[in-house]
Amino acid sequence: MPLRHRYLFVGGLHRSGTSLVARMAASLPGAGGIQGAPVPENEGVYLQGAIPHDALKGRPMRFATDPAEHLTEASPLNRLETRQRMEADWTPWFRPDLAWRVEKSPVNLTRMRLLQQLFPLSQFLVVLRHPEAVAAAMSKWTDRHPGALMDHWLEAHERLVRDLRHLHAVLILRYEDVVRDPGATIRGLSAFLDVVAPTDAVGEPIRDGNTDYPDAMPMTGAQTARAARWGYGPNLGVDPNWSLAPAHPLRDVRDATSTALGMK
């Protein structure tokens, strides 16, 4: 039986704002996420048994550069049985009337190519946050040096660049842009999913969590050069004019999304 719903998979490094953006997407007409699940942050990765997941997989600030966690079209998991098991495991956690099921798990960052094969009409949302802020936010979770955490951030997103050319429909948002203009984010997400934006899509003010880390260790010169691709500079610097056009098979959806987000 053909699916009556589509998936929006949300991914990104831990502490990057994926939960915030997933909630915004799930609030749109016809969309919804997992709620009330007995797992961390209602993450779907814990609610399915098709793709093995344990304490050694998805480790914060380690998974995104682990070759074993990079799942693509070539994965042996690229089978109909995988899709069927995921559907069966997830269905009880979503409302039955949804056109868009929003599933957020950080590890989606490295699984998009496999997920696209399993669910060809799915779309993807990646959330970035300044590497200095992510490293500072992760300091209580790991003993790794902040510099090593920023290297991980850079390597993870360089792999993302290589994956992007294989994806049909993906939108990249920066945490800093989301908190600066939540209304634009909601309108952009509405356009990306091709749903009518709420009439009150101005967005509630969201506190900028980056202000919690005024003493965050700055990137080195070499790290700064690599982070510039994403509009990030040292000392939590953010280029407000940075943008990366969304990918989508339909030009009108791409254009509407870019316009809603104020992309140049």
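Heads up: these notes are all about the structure in this document. (Residues numbered from 1 in each chain as written. Predicted model: local features only at pLDDT ≥ 70, side-chain atom pairs only at ≥ 80, totals over all residues. Heavy atoms only, no water.)

Turning next to the environment of Ile 172. With respect to the element layout, Ile 172 can be found in strand β5 (residues 170-174). Judged by its relative accessible area of 4%, Ile 172 falls in the buried class. With residues up to four places along the chain from it excluded, the contact list for Ile 172 reads Val 126, Leu 128, Leu 160, Leu 164, Trp 230, Trp 242 and Leu 244. (Helix = DSSP H or I, 4+ residues; strand = E, 2+ residues; numbered from the N terminus. Buried < 20%, exposed > 50% of the residue type's maximum accessible area, 1.4 Å probe, protein only. Contact = heavy atoms within 4.5 Å.)

Turning our attention to the pattern of salt bridges. If charged atoms from side chains of opposite charge come close, those side chains can pair. Considering all chains together, one arrives at eleven salt bridges under this definition. A salt bridge links Arg 85 to Asp 89, with the shortest nitrogen-to-oxygen separation between them at 2.7 Å. One end of the pair is Arg 85 and the other is Asp 89, both in helix α2 (residues 80-90) and four residues apart, which spans about a single turn. Between Glu 87 and Arg 101 there is a salt bridge, with the nearest N and O atoms lying 3.8 Å from each other. Within this pair, whereas Glu 87 is found in helix α2, its partner Arg 101 is found in strand β3 (residues 100-104), the two being separated by 14 residues in sequence. The pair formed by Glu 87 and Arg 101 is uniform in burial state, with each residue classed as buried. Several salt bridges share partner residues, and in doing so they unite Glu 73, Arg 113 and Asp 163 into one network. (Salt bridge = Lys/Arg side-chain N within 4 Å of Asp/Glu carboxyl O.)

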